[in-house]
Amino acid sequence: MTTEIYLDSNATSVVLPAAITAAADAMGQRYGNPSSTHATGLKAKVILDDARARAMRLLGVGSGRLMFNSGATEGIQTAVLSALVALRERRDAGETIGTLLVYGATEHKAVPESLAHWNRLLGLNLTLHQLPVDADGAHRLDALRAIAANAAMVCTMAANNETGVISDLSGIEAMLSDTGSKAYWMVDCVQALGKLKLDLSSTRIDYAPFSGHKLYAPKGIGMLYVRAGAPFTALIMGGGQEAGQRSGTENMAGIAALGAVLAALERGDTFRTPAELCAYRARLADSLRAALPGVVFNNPFDKALPTTLNFAVPGLSSRELMDVFDAAEVRVSAGSACSSSKAAPSYVLDAMGLPLWRSAGAIRMSFGPLADDATIAAACARIERCGAALRASCLIPSERTAVPHDGLLQLGVEGACSWLLLDAASRSCIVIDPLPDHVARIESYVRCQNYQVQAIVSTLPNAGRGMLIDALGRHYNRHAEADEYGWPANAASVALANGARAGAVRLGAQVLAALPCGTGDELRAYLLGTPEDGQLKAQAVRFAFSAKPAQQMLRDCTDGRTLLCPTRDEQNQFCLSMTTTPTATLANGVQLDSSMLDAFLQAHPEARLIDVREPYEFAATLSPAPAGRIALSVPLSRLAEYASLWLHETPVPLIFFCRSGNRSLKAAHCLRRLGHPQAYSLNGGLALAVPLPLAA
Ligand code: PLP
């Protein structure tokens with residue numbers, strides 16, 4: 001049973017059942033080569049002719065050409081090659097040609113990359129020129145007017161893949177005509193197929209590429225329209241298929257499938273009407289507004305395809321939103337390319353002039369014209385589930401105070417980390433080395449769990465606590481006196497294992513002790529542990545926080561099981577042993593294949609399954625843990641806390657898992673480095689785990 005709700009149709013779509021049937025027929029019954037003149041070939045040729053005839057009618061190809069190919073990227077190459085070869089010939093013949101290769105700032109990367117590639121290969125040396133868009137994502141016609149006369153080629157997509165914004169093709173055409181531009185014009189119609197009415201031969205569009213997989217046909221099949229009279233150069237030469245325009249034996253399964261989709265479009269009995277699609281978008285948008293307070297939509301609904309929503313939520317990264325939706329089995333995509341924890345901003349949204357947080361935090365939710373009522377209703381319920389999971393994890397504001405966490409929390413950004421020490425019973429906490437990037441996160445965490453911050457300390461002097469103090473408001477006593485490390489003037493003191501005395505701030509039953517430790521003594525380290533009779537014995541110190549690797553002074557006050565929590569963590573090690581790292585155990589057998597999991601659990605019934613995804617992913621998850629077991633939620637941000645507990649007990653096998661196996665591998669490596677002999681990572685994560693039926 002699939003519980004997945006697929007809302008990423010601008011990336012690709014499921015294949016229409018009728019298209020699957022048609023493809024199977026083209027591979028099974030009518031498997032001939034359409035170039036063969038015998039009856040088997042002729043039967044296949046009917047499929048080809050039929051699909052082409054439909055496409056020509058639907059797109060208004062008129063006397064233009066329509067060839068099948070592998071998809072839009074190929075169609076874009078062919079169009080660019082055709083236009084640039086013609087430009088070179090005209091120039092070689094002494095004609096003055098435009099010097100600019102113009103492309104919309106929000107074009108799919110295939111367009112500028114192809115322009116640059118063929119410009120270089122053909123030695124044309126024309127200048128690539130980006131046509132700006134306005135705040136709504138529409139091409140700036142005033143900017144086009146200024147350069148149209150000097151344009152050699154103009155590329156303006158029909159609808160954008162990230163925002164669904166529909167281009168004003170009539171306005172662009174009028175501008176090209178008004179300015180007497182001789183530019184060849186390519187319109188990437190990938191996102192328009194089946195969603196916008198196209199009558200290509202009634203326009204001056206020279207080239208229009210399409211991809212079948214954006215509208216319920218399989219990947220690897222596409223079409224290219226070329227206006228009658230527009231220059232054409234074949235990209236692929238060979239057996240002369242497609243009237244010599246695109247050689248290579250045709251992808252008949254793909255063509256048959258695309259033909260079935262085109263037939264459904266022509267009949268008009270399969271896909272939803274624009275009004276129905278608009279209503280679906282409105283329902284999704286209402287759910288997003290209710291579940292994610294402050295959500296902003298990055299695309300103007302009145303100027304975009306009804307099937308695309310693009311949004312951002314203040315305080316949440318696109319990575320976090322992607323992860324929570326994925327846990328709830330709603331497939332969406334980041335509006336931008338994600339790299340590690342930081343998402344790169346989207347060039348499409350940047351071109352629209354949106355602020356960085358909206359561009360880097362963007363999520364695209366897109367559905368196709370096959371969407372139905374039940375799917376949209378289910379998607380709305382899942383969106384609410386995601387909102388609840390984020391509220392419970394203090395990532396978005398909530399009316400209610402969340403259940404407080406206890407123990408250690410690590411927040412990391414680009415290798416640097418802040419640590420929060422939390423005591424749930426007394427609702428008090430201490431912050432170590434707060435980074436400016438973490439201020440908003442720490443503030444919402446503290447407020448949502450109603451903690452009182454006892455101290456904000458740093459390992460370096462004068463590290464700057466002002467932003468956090470301002471943000472914390474009543475949750476921190478800003479009038480309490482503190483030194484240049486943030487260390488409270490009224491701290492008590494405790495005796496350390498090396499005989500020295502150190503300042504100590506109480507946190508429930510534990511204390512945080514400060515000791516000078518590092519170059520010229522200007523660095524400070526902190527020890528967290530439970531004192532007994534005013535003494536913090538070495539074995540009672542659970543954690544040491546330090547900007548430097550363990551120094552003798554720290555070793556003298558701690559024992560082998562104390563964990564060193566670094567304030568820089570470039571390699572995602574989370575925490576380290578105070579003694580030397582046992583690297584020998586790292587290489588072998590850390591990965592556990594999901595096919596082996598059942599057998600492993602039978603052999604080791606005491607093994608623990610540990611979900612290292614973030615709490616909001618855990619809370620939003622629909623499916624049970626692998627092998628139908630109950631899993632413990634230990635996000636990587638809390639790994640140090642749990643690692644300390646696991647190292648103090650008799651070791652049992654620990655099987656970490658996450659969505660893809662990346663985060664769990666880091667966790668397993670961390671535990672192995674700390675000397676745990678039986679830490680494993682579930683290879684491939686939940687994505688590849690054998691699904692179990694859901695309980696009713
Ligand atoms: N153009 C647009 C607007 C697209 O959305 C895509 C696919 O994402 C492409 C071109 C490239 O299509 P394909 O990868 O199918 O060749």
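Residues numbered from 1 in each chain as written. Predicted model: local features only at pLDDT ≥ 70, side-chain atom pairs only at ≥ 80, totals over all residues. Heavy atoms only, no water.

## Describing the overall build of the protein
(1) Moving on: A count of helices and strands for the protein gives 20 helices and 32 strands.
(2) Moving on: Principal axes of the C-alpha set define a box for the protein whose edges measure 95 × 60 × 45 Å.
(3) Moving on: Taken across its 696 residues, the protein has 55% of its residues classed as buried.
(4) Moving on: Taking as baseline every contact in the protein between residues at least 6 positions apart, the subset at least 24 positions apart corresponds to 66%.
(5) Moving on: As displayed, the protein offers around 28400 Å² of accessible surface, 54% of which is attributable to carbon and sulfur atoms. (Helix = DSSP H or I, 4+ residues; strand = E, 2+ residues; numbered from the N terminus. Buried < 20%, exposed > 50% of the residue type's maximum accessible area, 1.4 Å probe, protein only. Contact = heavy atoms within 4.5 Å. Areas by Shrake-Rupley, 256 points an atom, 1.4 Å probe, with all protein chains shown as cover.)

## What about the domain arrangement of the protein?
(1) Moving on: Partitioning the protein into domains gives domain 1 (17-267), domain 2 (274-392), domain 3 (412-577) and domain 4 (591-688).
(2) Moving on: Measuring from the centre of the C-alpha atoms in domain 3 to the corresponding centre in domain 4 gives 28 Å.
(3) Moving on: Tallying the contact residues gives 12 residues for domain 3 and 15 residues for domain 4.
(4) Moving on: Each partner contributes to the roughly 1200 Å² buried at the junction of domain 3 and domain 4, and carbon and sulfur atoms together form 63% of this total.
(5) Moving on: Of all residues in domain 3, Arg542, Arg561 and Phe574 bury the most surface against domain 4, accounting for 45% of the area lost on that side.
(6) Moving on: Counting every contact that joins domain 3 to domain 4 gives one salt bridge.
(7) Moving on: Between Glu641 and Arg542 there is a salt bridge, with the nearest N and O atoms lying 3.2 Å from each other.
(8) Moving on: Across the side of domain 3 that touches domain 4, the residue classes break down as seven nonpolar, three polar and two charged. (Domains from an automatic or database assignment. Buried area = accessible area lost by both parts, 1.4 Å probe. Salt bridge = Lys/Arg side-chain N within 4 Å of Asp/Glu carboxyl O. Nonpolar A, V, L, I, M, F, W, Y, C, P; charged D, E, K, R; others polar.)

## Section: the site of the ligand
(1) Moving on: Residues in close proximity to the ligand include Ala72, Thr73, His108, Met157, Asn161, Asp188, Val190, Gln191, Ser211, His213 and Lys214, which together make up its full environment.
(2) Moving on: Residue Ala72 places a main-chain N or O atom 3.4 Å away from an oxygen atom belonging to the ligand.
(3) Moving on: Separating an oxygen atom of the ligand from a side-chain N or O atom of His213 is a distance of 2.8 Å.
(4) Moving on: Protein coverage of the free-state accessible area of the ligand, which is 390 Å², stands at 84%.
(5) Moving on: Its residues placed into classes, the shell around the ligand shows three nonpolar, six polar and two charged. (Near = heavy atom within 4 Å. Polar contact = N/O pair within 3.5 Å; in protein donor to acceptor, adjacent residues only side chain to side chain.)

## Description of the nonpolar core
(1) Moving on: Formed by 57 residues in total, the largest nonpolar core has its most connected members in Leu59, Phe210 and Met223.
(2) Moving on: In this structure Met223 touches Ala55, Leu59, Leu66, Met67, Phe68, Asn69, Leu193, Ala208, Pro209, Phe210 and Leu258, once residues within four positions along its chain are discounted.
(3) Moving on: Of all hydrophobic cores here, the second largest spans 42 residues; its members include Leu421, Val457, Ala643 and Leu654. (Core = buried A, V, L, I, M, F, W, Y, C linked by side-chain atoms within 4.5 Å.)

## Regarding the pattern of salt bridges
(1) Moving on: All told, the structure shown has 30 salt bridges when counted by the stated rule.
(2) Moving on: Here Glu74 ties to Arg246 by a salt bridge, and the two come within 2.7 Å at their closest N and O atoms. Of the two residues, Glu74 sits in helix α3 (residues 72-92) while Arg246 sits in the loop between β8 (222-226) and α7 (252-267), which places them 172 residues apart along the sequence. Summarising the burial analysis for this pair, Glu74 and Arg246 share the class buried.
(3) Moving on: Taken together, the shared-partner salt bridges connect Glu4, Arg319, Asp323, Asp326, Arg331 and Arg659 into one network.

## So, the packing of aromatic side chains
Two aromatic rings, taken as a pair, are described by how far apart their centres are and by the angle between their planes.
(1) Moving on: Under the defined criterion, the tally for this structure stands at 11 aromatic pairs.
(2) Moving on: Ring centres of Phe297 and Phe301 lie 5.2 Å apart, and the angle between their planes is 55°; this geometry places the pair in the tilted category.
(3) Moving on: Aromatic pair Trp419 and Phe545: ring centres 5.8 Å apart, planes at 65°, arrangement edge-to-face. A residue pair is termed long-range when its members are at least 10 positions apart, and Trp419 in strand β17 (residues 416-423) and Phe545 in strand β25 (residues 541-546) qualify at 126 residues. Exposure class is identical for Trp419 and Phe545. Each is buried.
(4) Moving on: Site record: aromatic cluster; members linked through ring pairs are Phe297, Phe301, Phe311 and Phe325.
(5) Moving on: Directly above the ring of Tyr347 sits Lys109, whose terminal nitrogen or CZ lies 3.9 Å from the centroid.
(6) Moving on: Here the guanidinium or amino end of Arg672 rests over the ring plane of Tyr680, the centre of that ring lying 5.2 Å away. (Phe/Tyr/Trp six-rings, centres within 6.5 Å; stacked < 30°, edge-to-face > 60°. Lys NZ or Arg CZ within 6 Å of the ring centre and 35° of its normal.)

## Here's the deal with the sheet that holds strand β15 (residues 363-366)
(1) Moving on: Across the sheet, four strands lie side by side as β9-β10-β15-β12; this open sheet has antiparallel pairing. Looking at which strands have only one partner, the edges of the open sheet turn out to be β9 (296-297) and β12 (333-334).
(2) Moving on: Where strand β10 (residues 308-312) meets β15, four bridges bridge the pair, whose relative direction is antiparallel. Across the sheet, the residue bridging to Asn310 is Arg364, located in β15.
(3) Moving on: Sheet strands in contact with helix α8 (residues 274-291) are β9, β10 and β15, and its direction is about 15° off that of β10. (Pairing = 2+ DSSP bridges. Axes fitted to C-alpha atoms, helices over the stretch in contact; angles between N-to-C directions.)

## Observations regarding α3
(1) Moving on: Between the first and last C-alpha of α3 there are 30 Å, a value that for 21 residues agrees with the 30 Å anticipated at 1.5 Å per step.
(2) Moving on: Across the 21 residues that make up α3, a large majority, 16, are buried.
(3) Moving on: Two residues or fewer after α3 comes Gly94, characterised by a positive phi angle close to 95°. (Expected span 1.5 Å × (residues − 1).)

## Some words on empty space enclosed by the protein
(1) Moving on: Across all of its chains, the model carries two cavities of 30 Å³ or more by this definition.
(2) Moving on: One number sums up the size of the largest cavity: a volume of about 60 Å³.
(3) Moving on: Considering the residues around the largest cavity, the lining is formed by Thr106, Gly137, Ala138, His139, Met157, Asn160, Thr163, Val165, Ile166, Ser167, Val348 and Met352.
(4) Moving on: Residues of the lining of the largest cavity, tallied by class, amount to six nonpolar, six polar and no charged.
(5) Moving on: Each pocket or cavity is described by its volume, and for the second largest cavity that value is around 40 Å³.
(6) Moving on: What lines the second largest cavity is simply Met67, Asn69, Glu74, Thr78, Leu224, Leu235, Ile236, Gln245 and Arg246.
(7) Moving on: At the level of elements, β2 (65-69) and α3 are the ones that each hand at least two residues to the lining of the second largest cavity. (1 Å grid on protein atoms, 1.4 Å probe; cavity = no way out; pocket = protein on both sides within 12 Å on 5 of 7 lines; lining within 4 Å. Points joined across faces, edges and corners; volume = space filled by probe spheres on them.)

## Description of the pairing of strand β16 (residues 407-413)
(1) Moving on: Buried residues dominate β16, accounting for six of its seven residues.
(2) Moving on: Where β16 meets β17, seven bridges bridge the pair, whose relative direction is antiparallel. Residue pairing in the sheet places Leu409 in a bridge with Leu420 of β17.

## With respect to the state of the cysteines
(1) Moving on: Using the criterion set out here, one finds one disulfide in the structure.
(2) Moving on: A sulfur-sulfur separation of 2.0 Å characterises the disulfide bridge that pairs Cys394 with Cys448. The sign of the -65° torsion about the S-S bond sets the Cys394-Cys448 disulfide as left-handed. In this pair, Cys394 sits in the loop between α12 (373-392) and β16 while Cys448 sits in helix α13 (residues 439-448), placing the two residues 54 residues apart along the sequence. Both residues of the pair, Cys394 and Cys448, count as buried. (Disulfide = S-S within 2.5 Å.)

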